[in-house]
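Residue-level structural notes
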Amino acid sequence: MVNFSEDLIFREQVIGSRRLSNYWWATLLFCGATCFFTVGLSSYLGFNLLPFLNAKGIIFFPQGLVMCFYGILAFLLSIYLWLIIFWSIGEGYNEFNKKEGTMCIFRWGFPGKNRRVQLTYFLKDIEAIRVELKEGWNPKRILYIRIKGRPEI
């Protein structure tokens, strides 16, 4: 999304972690973790906790134990993804202000001392801007900026 508050200010919003794909994977991981853990627990108890998940043919050691382990790991990973979505990690904006002669990059990070990441540079210090586009199954659109005396951002 691009916002034009004036002709001299260009602000581009960055979505960050609140993408549809992150919601999809967090939900899918949670559902898979629930099913894996339930089947492993059903194999330990000796009866099916859910009628549509048949665990009678699974012996607890080693298959049921491994399924419980994978279920717990997937559950922890889904919690991590949901927290990243909740905290809006990576969300922010890129602002180019010709009126003040500055460029500002702002992002939200993980909670803590450095949650707000804000980089501000003068436009006259920018040496080059490089755009990298990769299309296909995993498309990437990356903007690199080289500042005088500093590595690419």
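What this report covers is the structure whose coordinates are included nearby. (Residues numbered from 1 in each chain as written. Predicted model: local features only at pLDDT ≥ 70, side-chain atom pairs only at ≥ 80, totals over all residues. Heavy atoms only, no water.)

A few words now on unusual backbone geometry. Of note, the bond from phenylalanine 61 into proline 62 is cis; its omega dihedral lies within 30 degrees of zero at 10°. Position of proline 62 among the secondary structure elements: in helix 2 (residues 60-87). Phi is positive for serine 88, which is not a glycine, with a value near 60°. Here serine 88 shows up in the loop between helix 2 and strand 3 (92-97). (Helix = DSSP H or I, 4+ residues; strand = E, 2+ residues; numbered from the N terminus.)

Before going further, it helps to examine the pattern of salt bridges. Following the criterion strictly, the structure yields 5 salt bridges and no others. The partner of arginine 11 in a salt bridge is glutamate 95, and the shortest N-O contact between them spans 2.8 Å. Residue arginine 11 is found in strand 2 (residues 9-14), and its partner glutamate 95 is found in strand 3; the two are separated by 84 residues along the sequence. (Salt bridge = Lys/Arg side-chain N within 4 Å of Asp/Glu carboxyl O.)

To continue, consider the nonpolar core. Counting 7 residues, the largest nonpolar core consists of Phe96, Met103, Ile105, Tyr121, Ile126, Ile145 and Ile147. Contributing elements (two or more residues each) for this core: strand 4 (102-108) and strand 7 (140-147). Not counting chain neighbours up to four residues away, the residues in contact with isoleucine 126 comprise Met103, Ile145, Arg146 and Ile147. (Core = buried A, V, L, I, M, F, W, Y, C linked by side-chain atoms within 4.5 Å. Buried < 20%, exposed > 50% of the residue type's maximum accessible area, 1.4 Å probe, protein only. Contact = heavy atoms within 4.5 Å.)

These figures come from the coordinates and say nothing about function on their own.
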